[in-house]
Protein chains: 2
Amino acid sequence: MVTKTLVENILKTSIKEIPEDVRQHGKKSLLNWMGVAIGASSHPSVDMVLALKEDTQSAEQVSIFGRTEKVDLLLGSLINGMSSHIFDYDDTHLDTIHHPSGPVAPVVFALAEKMDLPGEKVLHAFILGCEAELRIANAVYPSHYQLGYHITSSTGVFGAAVAAGILLELSEEQMIWALGIAGTQSFGLREMFGTMTKPFHPGKAAQNGLMAALLAKRNFTSSTEVLEAKRGFANVLAPEHDLSKVNVHWGEQWELLKNAFKPYACGIVLHPSIDACIALGKQVKAEEVERIELVVHPYVLELTGKSAPPTGLAGKFSIYHTGAVAFLEGDAGEGQYADSKVKDPAIVDFRTKIKPRVDETVKEERVIATAFLKDGREIEHIVKNATGSIENPMTDEDLVRKFKKLTYPIIGAEQANGLIDAINEIQQLDSLTSLIAFTKAAKQ
Amino acid sequence: MVTKTLVENILKTSIKEIPEDVRQHGKKSLLNWMGVAIGASSHPSVDMVLALKEDTQSAEQVSIFGRTEKVDLLLGSLINGMSSHIFDYDDTHLDTIHHPSGPVAPVVFALAEKMDLPGEKVLHAFILGCEAELRIANAVYPSHYQLGYHITSSTGVFGAAVAAGILLELSEEQMIWALGIAGTQSFGLREMFGTMTKPFHPGKAAQNGLMAALLAKRNFTSSTEVLEAKRGFANVLAPEHDLSKVNVHWGEQWELLKNAFKPYACGIVLHPSIDACIALGKQVKAEEVERIELVVHPYVLELTGKSAPPTGLAGKFSIYHTGAVAFLEGDAGEGQYADSKVKDPAIVDFRTKIKPRVDETVKEERVIATAFLKDGREIEHIVKNATGSIENPMTDEDLVRKFKKLTYPIIGAEQANGLIDAINEIQQLDSLTSLIAFTKAAKQ
């Protein structure tokens, strides 16, 4: 009954029943998502996927944010979803290391553009899509993630299907099938981290979930208990799971409220170490340092243990590179992950001084950092809640600053500011035509 | 090194190095595949997926076999791949319960039509695509299947990528990436069996694998060891596996030679029981029978245990319905799985007399059937190798008869016969234009 109950919960929750703080957090999530999607839109990997437009002679139905091309709605969901995860700078549900907007936002914008839907519907579908995927993620985390799944795509496909299903006005039976068609397509190996295939995951989950809802709308049949069946999603993809978490306290607790935004352009697990290395870098000079010890949760090193990253993208999975740039440059923005940075002799030299050590008793959101200096001194810096965590969140001003930094170079200040206002007012918009027009690359 | 070695093996194997018997079996596989794809092309589920043409305004690049519509090559791969599995009448690699042509054939035909490729290349790519997916399947079977994966799609995505990669002339590095992009998309839950989502699996695997190769051609990067990495395909999706099976005796042993063709329109696990029930039906009358006991391997009942199938499609997963029609009608063709048949009072009544019993010592390809008659007599019929198994295969004439039965009503005798000749001569064709023209639905 878990799948059916989830669908009943989704279908009974109108936009009016979504609390104001959740709606606000939904809008922040959309703003943050749009910023990172536009910010990465000129990455070479986007050109590669856009080549599918030529291969398939794709129709010009929906916009690629931050560019001028249009493609069909399935390809558009793939590309915008991928783009938003390229910088590893998107949002994170910290309980499950899930990036909820990636698989959901591209779908709601694609359908909104194609069907000319009002903003309130779009926000409604977005919030419930995120809520569904995060609750499913809660039910299978950490076992599913430990097994090796990129939880953002593997559970995100459900979120995409739910969001699309709401906008396509699926019946209860159709929505249950949509979850079946989506869930059987759950995919994404963590082995892909550090390659272009990682950001491909949320994009493809968006595309798969949207296709699932489009098929269900035509009464394409599927399992009616994809989540709980003996050979269903949870049993096959998560050695341990607790499906009661899918529907518990529905409407009272909102997982989307736990969605955090990143001040740094890499995986959230590195953020405490970045905060610490920035702080240490302000206190001592590079030449004084013998080594910097970072005591972290085992996950951190498991995910970011690349000692000699060959590319900037791989640098995001290197605590050594990341610690070095944070210490030396006082930041870990997209600029610190340029290909040139992982070859910079000063950074390459300093990264050998970064000495992570795992300790299971250190929580994932913390780090105990100690700079051991050549003169024998030791400077300790403990981070309990990294900048951007729920306890220590980015402010609204921080978010807007991040958005501008990512989008100004691509769509220009005027459009970027228009886009900020449009997303803030999305519930009042009868159509997203002007909002989407703001996302178009400015003429150079 | 497993992934790299597989790619090296694939790229060093020219069509000339593929033995004549393997090429012949490849052509038979293509003929059988084309027959079942055309045969099911007017099924309602095909219309539902074809609606995506309208949703996405898909370009008219490649043909949907047995119909008149054309769609883009990615959508075409999905639809033709799905169509071929709808009747559950396609080929089977008995060692792994894998249907190798489903994910591979639609891809090679789509690329052949779009790029106007010669038949020899198409056969070459098809054979190596099948060989790759079957060897990967060998490495993870049975653990992967037991866990709950539909092995046809979950490993078929590799076959689709390999076949497309050959036709797109990928470099070694690109082919390795293509396997990475494909493998991370491995999917398909056995929970979907009995619904339209089951045949969707090989079609979607075809589409995913083709997309993987198209992206790799543009140098979209991925893992270089998707099969063997710690969090790669085998470790994540198969609790037990033996990756040495992927490359063992490459070029000396051919898995494709173990590909069998079905005389009956349902899962291969039921075929021994069908043979037995047909044989018993010839010996006694329905009203004489108290019950028919079928002693089978546990898999058989696990896969086909539906006692009261609501639809003809679900009837394919019911040993009760299947045993009843085989006994009463002497066949288990597509006609025996019409929706009307699962509601036919005589069949519904007789299916309660079918009594399967599992016995782990009975091999999957066997059955010990006993008709217990009301007068106390017992008639036993043991099937060691069902019709259509490798040991007791369909003859070439059987295959042609099956092809004609499936295609005559849809494309007409003249085109069907032309298609048989074209597939037999595929290696000599400079272009598949006329072959593909034969697949078009005849004017009614």
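Positions within a chain are numbered from 1, following the residues in the order the chain's sequence is written. By the order in which they are written, chains take letters starting at A while ligands take numbers starting at 1. Restriction of local features to residues with pLDDT of at least 70 applies here, the model being predicted, together with a cutoff of 80 or more for giving and counting side-chain atom pairs; totals for whole chains, interfaces and linings are based on all residues. Values reported for side chains reflect all heavy atoms of the structure, with hydrogen atoms and water molecules removed beforehand.

## Side note on the nonpolar core
And step 1. Here, nonpolar core refers to any group of buried Ala, Val, Leu, Ile, Met, Phe, Trp, Tyr and Cys residues whose side-chain atoms link them within 4.5 Å. Buried residues are those whose accessible area, probed at 1.4 Å on protein chains only, stays under 20% of the maximum for their type, while exposed residues exceed 50% and partly exposed ones sit between those limits. Formed by 314 residues in total, the largest nonpolar core has its most connected members in Met 34 and Leu 435 of chain A together with Met 34 and Leu 435 of chain B.
And step 2. Whether two residues are in contact is decided by their heavy atoms, any of which lying within 4.5 Å being enough. In this structure, Leu 435 of chain A is in contact with Met 34, Phe 109, Leu 419, Ala 422, Ile 423, Ile 426 and Leu 429 of chain A, ignoring residues within four places of it in sequence.

## Some thoughts on the packing of aromatic side chains
And step 1. When the centres of two rings from Phe, Tyr and Trp lie within 6.5 Å, Trp using its six-membered ring, the rings pair. Their planes under 30 degrees apart give stacked, over 60 give edge-to-face, and anything left gives tilted. In the structure shown here, the tally under the stated rule is 20 aromatic pairs over all chains.
And step 2. With a centroid separation of 5.6 Å and 85° between ring planes, the pair formed by Phe 65 of chain A and Phe 109 of chain A is classed as edge-to-face. One end of the pair, Phe 65 of chain A, is in the loop between strand S1 (62–63) and strand S2 (70–71); the other, Phe 109 of chain A, is in helix H5 (residues 101–115), with 44 residues separating them in the sequence.
And step 3. Ring centres of Trp 33 of chain B and Phe 65 of chain B lie 6.0 Å apart, and the angle between their planes is 90°; on these two criteria the pair is classed as edge-to-face. Linking Trp 33 of chain B in helix H2 (residues 20–39) with Phe 65 of chain B in the loop between strand S1 (62–63) and strand S2 (70–71), this pair joins segments that are 32 residues apart in sequence.
And step 4. According to the relative accessible area criterion, Trp 33 of chain B is buried, its value standing at 1%.
And step 5. The structure contains a cluster of three or more aromatic residues connected by ring pairs, namely Trp 33, Phe 65 and Phe 109 of chain A.
And step 6. The ring centre of Phe 372 of chain A lies 3.8 Å from the NZ or CZ of Arg 291 of chain A, which sits over that ring.
And step 7. Distance and angle both matter: a charge sits over a ring if NZ of Lys or CZ of Arg is within 6 Å of the ring centre and within 35 degrees of the ring normal. Above the face of the Tyr 89 of chain A ring, Lys 402 of chain A is positioned so that its terminal group lies 4.2 Å from the ring centre. Helix numbers and strand numbers start at the N terminus; a helix is a DSSP run of H or I with at least 4 residues, a strand a run of E with at least 2.

## Thoughts on the relation of the copies chain A and chain B
And step 1. A least-squares fit on C-alpha atoms brings the copies together, and the residues used are those whose pLDDT is at least 70 in both copies. Superposing chain A onto chain B takes a rotation of 180° combined with a translation of 0.0 Å along the rotation axis, leaving an RMSD of 0.0 Å. Here the transformation between the copies is reduced to the relation of a two-fold axis.
And step 2. Looking at the interface residues of chain A, 100% of them are also at the interface in chain B, so both copies use one shared face.

## A few points about empty space enclosed by the protein
And step 1. Using protein atoms alone on a 1 Å grid, points that fit a 1.4 Å probe yet trap it form a cavity, whereas open point sets bounded by protein on both sides within 12 Å along at least five of seven lines form a pocket; residues with an atom within 4 Å of a point count as lining. Grid points are joined across faces, edges and corners, and a volume is the space filled by probe spheres set on the points. Per the counting criterion, the structure on display carries four cavities of 30 Å³ or more.
And step 2. Taken as a whole, the largest cavity holds about 190 Å³ of empty space.
And step 3. Secondary structure elements with two or more residues in the lining of the largest cavity: helix H4 (73–86) and helix H11 (197–217) of chain A together with helix H3 (44–56), helix H4 (73–86) and helix H11 (197–217) of chain B.
And step 4. Ten residue types, Ala, Val, Leu, Ile, Met, Phe, Trp, Tyr, Cys and Pro, are classed as nonpolar, four, Asp, Glu, Lys and Arg, as charged, and the remainder, Gly among them, as polar. Its residues assigned to classes, the lining of the largest cavity shows seven nonpolar, four polar and two charged.
And step 5. Within this model, the second largest cavity holds a volume of roughly 140 Å³.
And step 6. Around the second largest cavity, the lining comprises 15 residues; the ones closest to its centre are Ile 97, Tyr 145, Lys 198, Gly 267 and Leu 303 of chain A.
And step 7. Both domains that meet at the lining of the second largest cavity, namely domain 1 (2–261 + 393–438) and domain 2 (268–383) of chain A, each give it at least three residues. The domain limits used here are those given by an automatic or database domain assignment.

## Topic: the interface of chain A and chain B
And step 1. Listed as interface residues are 59 residues of chain A and, on the opposing side, 60 residues of chain B.
And step 2. The salt bridge definition used is simple: a Lys or Arg side-chain nitrogen within 4 Å of an Asp or Glu carboxyl oxygen. In this structure, the connection of chain A to chain B is made through four salt bridges.
And step 3. Think of a polar contact as two N or O atoms within 3.5 Å of one another; within protein, one of them needs to be a possible hydrogen donor and the other a possible acceptor, and neighboring residues in sequence only count if both atoms come from side chains. Where chain A meets chain B, there are 31 residue pairs in polar contact (both at pLDDT 80 or more).
And step 4. Put simply, the parts of the chain that give the side of chain A that touches chain B at least two residues each are helix H3 (44–56), H4, helix H7 (143–147), helix H10 (172–183), H11 and helix H12 (233–237) of chain A.

## Notes on the sheet that holds strand S6 (residues 354–358) of chain B
Residues and elements named next belong to chain B.
And step 1. Two strands are said to pair when DSSP picks up at least two bridges between them. Across the sheet, which stays open at both edges, the four strands sit in the order S6-S5-S7-S8 with mixed pairing between neighbours. The open sheet is flanked by S6 and strand S8 (378–383), the only strands paired with a single partner. Direction aside, the axes of adjacent strands within the sheet are offset by 20° on average.
And step 2. When strand S5 (residues 289–296) meets strand S7 (residues 367–373), the two strands line up antiparallel, connected through six bridges. For Val 289, the partnering residue across the bridge sits in S7 and is Leu 373.
And step 3. In this description, a line fitted to the C-alpha atoms serves as the axis of each element, helices being fitted only across the stretch in contact, and the angle between N-to-C directions of two axes falls anywhere from 0 to 180 degrees. Sheet strands touched by helix H14 (residues 271–283): S5, S7 and S8. Its angle to S8, the strand with the most contacts, is close to 145°.

## Some thoughts on the confidence of the model for chain A
Any residue range with low pLDDT should be treated as having predicted coordinates unsuitable for detailed reading.
And step 1. Summing up the model confidence of chain A, the mean pLDDT is 96 and the portion of residues at 70 or higher is 100%.
And step 2. This prediction of the complex comes with two scores: 0.92 for pTM and 0.92 for ipTM. Known as pLDDT, the predictor's per-residue confidence is scaled from 0 to 100.

## Section: the domain arrangement of chain A
All names here are of chain A.
And step 1. Taken as a whole, chain A is organised into domain 1 (2–261 + 393–438) and domain 2 (268–383).
And step 2. Taking only C-alpha atoms, the centre of domain 1 and the centre of domain 2 are 31 Å apart.
And step 3. Counting from both sides, the interface comprises 17 residues of domain 1 and, opposite them, twelve residues of domain 2.
And step 4. Buried area: the accessible area, evaluated with a 1.4 Å probe, that two parts lose upon being put together, summed over both parts. Taking both partners together, domain 1 and domain 2 bury about 1,300 Å²; carbon and sulfur atoms supply 62% of that area.
And step 5. Here domain 1 and domain 2 share two salt bridges between them.
And step 6. A salt bridge links Asp 331 to Lys 405, with the nearest nitrogen and oxygen atoms 3.8 Å apart.
And step 7. Counting the contacts that link domain 1 with domain 2 gives two residue pairs in polar contact (both at pLDDT 80 or more).
And step 8. Classifying every residue of the side of domain 1 that touches domain 2 gives nine nonpolar, four polar and four charged.

## Observations regarding H14 of chain B
All names here are of chain B.
And step 1. Under the convention used throughout, the expected extent of a helix is 1.5 Å for every residue step, that is, one less than its residue count. Look at H14: 19 Å from first C-alpha to last across 13 residues, which is about the 18 Å you get at 1.5 Å a residue.
And step 2. Counting buried residues in H14 gives ten out of 13 residues, a clear majority hidden from the surface.
And step 3. Restricting attention to buried positions, one finds in H14 the residues His 271, Pro 272, Ser 273, Ile 274, Asp 275, Ala 276, Cys 277, Ile 278, Ala 279 and Leu 280.

## Description of the state of the cysteines
Residues and elements named next belong to chain A.
And step 1. Disulfide assignment relies on a single distance test, namely cysteine sulfur atoms paired within 2.5 Å. With the rule as written, the count across this model stands at zero disulfides over all chains.
And step 2. The thiol of Cys 277 is not disulfide-bonded; the next cysteine sulfur, from Cys 266, is found 11 Å away.
And step 3. Residue classification places Cys 277 among the buried positions, given a relative accessible area of 0%.

## Details of the environment of Lys 258 of chain A
Residue and element names in this part refer to chain A.
And step 1. Positionally, Lys 258 belongs in the loop between H12 and strand S4 (259–260).
And step 2. Separated by 124 residues in the primary sequence, Lys 258 and Leu 134 place their C-alpha atoms 9.8 Å from one another.
And step 3. In contact with Lys 258, other than residues within four places in its own chain, are Thr 92, His 93, Leu 94, Asp 95 and Ile 390.
And step 4. A polar atom in the side chain of Lys 258 sits 3.3 Å from the side chain of Asp 95.

## Things to note about the packing of helix H2 (residues 20–39) of chain A against helix H6 (residues 119–140) of chain A
Residue and element names in this part refer to chain A.
And step 1. The interhelical angle for the contact between H2 and H6, taken along N-to-C directions, is 90°, at an axis separation of 10 Å. Considering their axes alone, H2 and H6 lie roughly perpendicular with respect to each other. Contacts between H2 and H6 involve Val 22, Arg 23, Gly 26, Lys 27, Ser 29 and Leu 30 from the former and Leu 123, Phe 126 and Ile 127 from the latter.
And step 2. When grouped by side-chain class, the residues that make up the contact of H2 with H6 number five nonpolar, two polar and two charged. Any angle that falls under 35 degrees is termed roughly parallel, while one over 145 is termed roughly antiparallel, one within 65 to 115 roughly perpendicular, and all others oblique.

## Brief notes about the UniProt feature "domain: MmgE/PrpD N-terminal" (unreviewed entry) in chain A
And step 1. UniProt positions are given in the numbering used here, feature names are shortened, and annotations may be inferred rather than shown by experiment. On the UniProt side, "domain: MmgE/PrpD N-terminal" (unreviewed entry) is annotated at positions that read residues 6–243 of chain A here.
And step 2. Span residues 6–243 of chain A is 63% helix and 3% strand, its end C-alpha atoms 11 Å apart.

## Quick notes on the pattern of salt bridges
Pairing of side chains with opposite charge becomes possible as their charged atoms draw close.
All names here are of chain B.
And step 1. Within this structure, the stated rule accounts for 50 salt bridges over all chains.
And step 2. The partner of Asp 396 in a salt bridge is Lys 28, and the shortest N-O contact between them spans 3.1 Å. Residue Asp 396 is found in helix H19 (residues 396–424), and its partner Lys 28 is found in helix H2; the two are separated by 368 residues along the sequence.
And step 3. With a relative accessible area of 42%, Asp 396 lands in the partly exposed category.
And step 4. When its relative accessible area of 28% is taken as the criterion, Lys 28 is described as partly exposed.
And step 5. A salt bridge links Arg 401 to Asp 398, with the nearest nitrogen and oxygen atoms 3.1 Å apart.

## Things to note about the packing of helix H9 (residues 156–167) of chain B against H11 of chain B
Between two packed helices, both the angle of their axes relative to each other and the distance between the axes serve to describe the pair.
Residues and elements named next belong to chain B.
And step 1. The geometry of H9 relative to H11 is characterised by a closest axis approach of 7 Å and an angle of 45° between their N-to-C directions. In this view, H9 runs oblique relative to H11, as classed from their interaxial angle. In the crossing of H9 with H11, the sense of the turn from one axis to the other is right-handed. Contacts between H9 and H11 involve Gly 156, Val 157, Ala 160, Ala 161, Ala 164 and Gly 165 on the former and, on the latter, Ala 205, Ala 206, Asn 208, Gly 209, Leu 210, Ala 212 and Ala 213. Left-handed is the label given to a crossing in which the near helix is rotated counterclockwise from the far helix by less than a right angle, and right-handed is the label when the rotation is clockwise.

## Looking at the sheet that holds strand S7 (residues 367–373) of chain A
Residue and element names in this part refer to chain A.
And step 1. Pairing is mixed in the open sheet, where four strands are placed in the order S6-S5-S7-S8. Of all strands in the sheet, those with a lone pairing partner are strand S6 (354–358) and strand S8 (378–383), marking the two edges. Sheet twist, expressed as the mean angle between neighbouring strand axes with direction ignored, is 20°.
And step 2. As judged from the five bridges shared by strand S5 (residues 289–296) and S6, these two strands associate in the parallel manner. Counterpart to Val 296 in the pairing with S6 is Val 358.
And step 3. Strands S5, S7 and S8 of the sheet are contacted by helix H13 (residues 271–281), whose axis makes an angle of about 140° with S8.
And step 4. Helix H16 (residues 319–329) rests against S5 and S6 of the sheet, and its axis sits at about 125° to S6.

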